[in-house]
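As a plain string of letters, each chain reads:
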Amino acid sequence: MALSIGDLEINPRIITAVKNAGFHDGRAVMNLSSAEVERLTGLSVADVTHLKDVISQTVLGQSAVTCLQLWQAEDDRQACRHRLSTGCALLDRALRGGLLLRGLTEVTGESGTGKTQLCLQLCLTVQLPPSHGGLGGGAIYISTEGAFPNRRMNQMAQHFSRQHCSVLKRSVMDCVLLEHVADLEGLKDCLQRKLPMAVSRRGVKLVVVDSVTALFRCDSDSHSLVGRAKQLAALAMALRRLADQHSVAVVCVNQVTANMSKVSDGPGPLRQSIPALGLVWADHVTCRLLMSRREDALSSSSTLCGAYHSKEGPTTIDQAQMALTSKRQLEVVFAPHLAPTVVPLVISRKGITHESAGV
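Sequence order sets the numbering: in each chain, residues are counted from 1 along the sequence as written. Totals for whole chains, interfaces and linings use all residues, but because this is a predicted model, local features are given only for residues with pLDDT of at least 70 and pairs of side-chain atoms are given and counted only at 80 or more. The basis for every side-chain value is the complete set of non-hydrogen atoms in the structure, without hydrogens or water.

Participant: Whenever I open this one, the packing of helix α8 (residues 115-125) against helix α9 (residues 150-163) confuses me. Can you help?
Facilitator: Any two packed helices are characterised by how steeply their axes cross, that is the angle between the axes, and by the distance between the axes. Contact geometry of α8 with α9 gives a least axis separation of 10 Å together with a crossing angle of 40°. For the element pair α8 / α9, the angle class is oblique. Remark: the crossing between α8 and α9 carries right-handed chirality. Of the residues in α9, those touching α8 at Q117, L120, Q121, C123, L124 and T125 are R152, M153, M156, A157 and F160. Taken together, the residues that form the contact of α8 with α9 break down as seven nonpolar, three polar and one charged. To obtain an axis, a line is fitted to C-alpha atoms, over the contacting stretch when the element is a helix, and the angle between two such axes runs from 0 to 180 degrees between their N-to-C directions. For helices the rule is a DSSP run of H or I covering at least 4 residues; for strands it is a run of E covering at least 2, with both sets numbered from the N terminus onward. Working definition: roughly parallel below 35 degrees, roughly antiparallel above 145 degrees, roughly perpendicular at 65 to 115 degrees, and oblique for all remaining angles. Less than a right angle of anticlockwise turn of the near helix away from the far helix marks a crossing as left-handed, whereas a clockwise turn marks it as right-handed. The contact definition used throughout considers only heavy atoms, calling two residues in contact when any of these lie within 4.5 Å. In this classification, Asp, Glu, Lys and Arg are treated as charged, Ala, Val, Leu, Ile, Met, Phe, Trp, Tyr, Cys and Pro as nonpolar, and every other residue, Gly included, as polar.

Participant: Whenever I open this one, α8 confuses me. Can you help?
Facilitator: Since the α-helix turns once every 3.6 residues, residues separated by three or four places project in the same direction. Within α8, nine of the 11 residues are buried, which leaves it mostly tucked inside the rest of the structure. K115, L118, C119, L120, Q121, L122, C123, L124 and T125 are the residues of α8 that are buried. Each residue is assigned to one of three classes by its accessible area relative to the maximum for its type, calculated with a 1.4 Å probe on protein chains only: buried under 20%, partly exposed between the two thresholds, exposed over 50%.

Participant: So what exactly am I meant to see when it comes to empty space enclosed by the protein here?
Facilitator: Site definitions follow a grid-based scheme: protein atoms alone, a 1 Å grid, a 1.4 Å probe that fits but cannot get out for cavities, and for pockets an open set with protein on both sides within 12 Å along at least five of seven lines, plus lining residues having an atom within 4 Å of a point. Grid points are joined across faces, edges and corners, and a volume is the space filled by probe spheres set on the points. Here the structure, examined in full by the defined rule, presents one cavity of 30 Å³ or more. Of the pockets and cavities examined, the largest cavity occupies roughly 60 Å³. Considering the residues around the largest cavity, the lining is formed by L95, G98, L99, L100, R102, T105, T286, C287, H337 and L338. Its residues placed into classes, the lining of the largest cavity shows five nonpolar, four polar and one charged.

Participant: What is the right way to look at the state of the cysteines in this model?
Facilitator: Where two cysteines share a covalent bond between their sulfur atoms, that bond is called a disulfide. Criterion for a disulfide: a pair of cysteine sulfur atoms within 2.5 Å. One pass over the full model with this rule turns up zero disulfides. In this structure C119 is not part of a disulfide, and its nearest cysteine sulfur, from C123, lies 7.1 Å away. Here C252 stays unpaired: no disulfide links it, and the sulfur of C119, its closest cysteine neighbor, is 8.9 Å away.

Participant: What is the right way to read the confidence of the model for the protein chain from this model?
Facilitator: Detailed reading of predicted coordinates is not advised where the pLDDT is low. Across the chain, each position has a pLDDT score giving the predictor's confidence in that residue, from 0 to 100. Averaged over every residue, the pLDDT of the protein chain is 83; residues scoring 70 or more account for 81%. Here helix α14 (residues 301-309) is the element of the protein chain with the lowest mean pLDDT, 42, and α8 is the one with the highest, 97. Counting interchain partners and residues more than four positions distant, the pLDDT-below-50 stretch residues 300-315 has 16 contacts.

Participant: Explanation requested: the environment of F23 in the structure shown.
Facilitator: Along the chain, F23 falls in the loop between α1 (12-20) and α2 (26-30). Classification of F23 as buried rests on a relative accessible area of 10%. A C-alpha to C-alpha distance of 9.3 Å links F23 and T41, two positions 18 residues apart in sequence. Excluding residues within four positions of it along the chain, F23 makes contact with I5, V18, A28, V29, L32, L40 and T41.

As C-alpha cells, then:
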C-alpha cells in the first residue's frame, strides 16, 4: 500500500521539494539514507529528519529512533528484564524466568494438549506482584472458538487464590476481562479500540488470543490468499505494536496442520504436524512454545491395568486414565533468548505443574 507524499501532514515547502525530486511514495524516501535525500531534494538536515519522522509516525505509529536512543532509554531496558511467571517453577527455569514482555509468544499444539489451560494459568499469575513473578495487572482473554471455559477457570482460580491469598487484593476472576470475536473485523476493532482502553484504564498486562487460527481458517478462499497473507501480517504487527507500546505480554494460541511439505519447523526430527498459518505468521513470532502429550501418556492398555491394580495407584479405571492422559510436555521450538528444550508437565485440578509438585 503506497503512502502518498501529498497525504503527509508536513510543511508544503518540504512536500514540493520531495515531489520535484521525483518522490511520490513515502516508503521510497525511507529506503534512502538521509544524505541521499538531502542531495536529491536540496532540503536541509533538519527538514529531512522531520520528513522521515513524519513518515515513520504515519506508517509505524511511532517516530524513528536511533540505536543510541534505545540504549539510553532506561525504562525500556528495565521493562525488557521483566518476566511473567507461568506458575510452574520448572517451566519458569526453562524460560529463564517466564514469558517476555513485548514481542509475540505463540502457544501451539494439537487439540487437547493444554494450550488453553496454560493461557488460563497465565491470566492468574499475571495478577501477582512483580516480587512473586507476576506483573501486578489484569488480563484480557479474546476467545474466537466457542464458549470460554469458565468452569475450569473457576476451579484453577480457587486453588490459586488459596495459595496466594496474602498478596492478592481482589478476586482473581474479576481481573480477567473476556471478549468474544467471531471474525477478523471484530478482532481488528478490539485491537484498535477496546484493548488500548483496557490497558490504560483497567491495568491489563496480559493479552491472550485463543486462537488466531480460527479466524483465518474460516476465510481460506484460494482467490484471496495474497490478501489473507497481508491481513495476517497486519494482525501480527498490530499485536506486536500493542505489546511494545504498552509493555504487556501477548500470547496467541495457534493450531497445527499436517506437514505435507515434509519440512521441519525447527531443530530435531521431522514432525508429522506443524503450526498453522505458515511463514507469514511465524516471521512475527518472538517465542514459539509447542505443547504435546508425552509418550508415557500414550501407553498401552496393559499400563492402564497396572495402574488400576496398584495399591498406591488410582482405584478406578477413570482415575487411572486421568493419571496417564494428564501428562504433557512443553517444547521451546525457537526464541532469541532460549535454547531449544523440553519440559515435562502434568495437568491437575490446580493447573499446570511439574510432577514433583503433586496434584
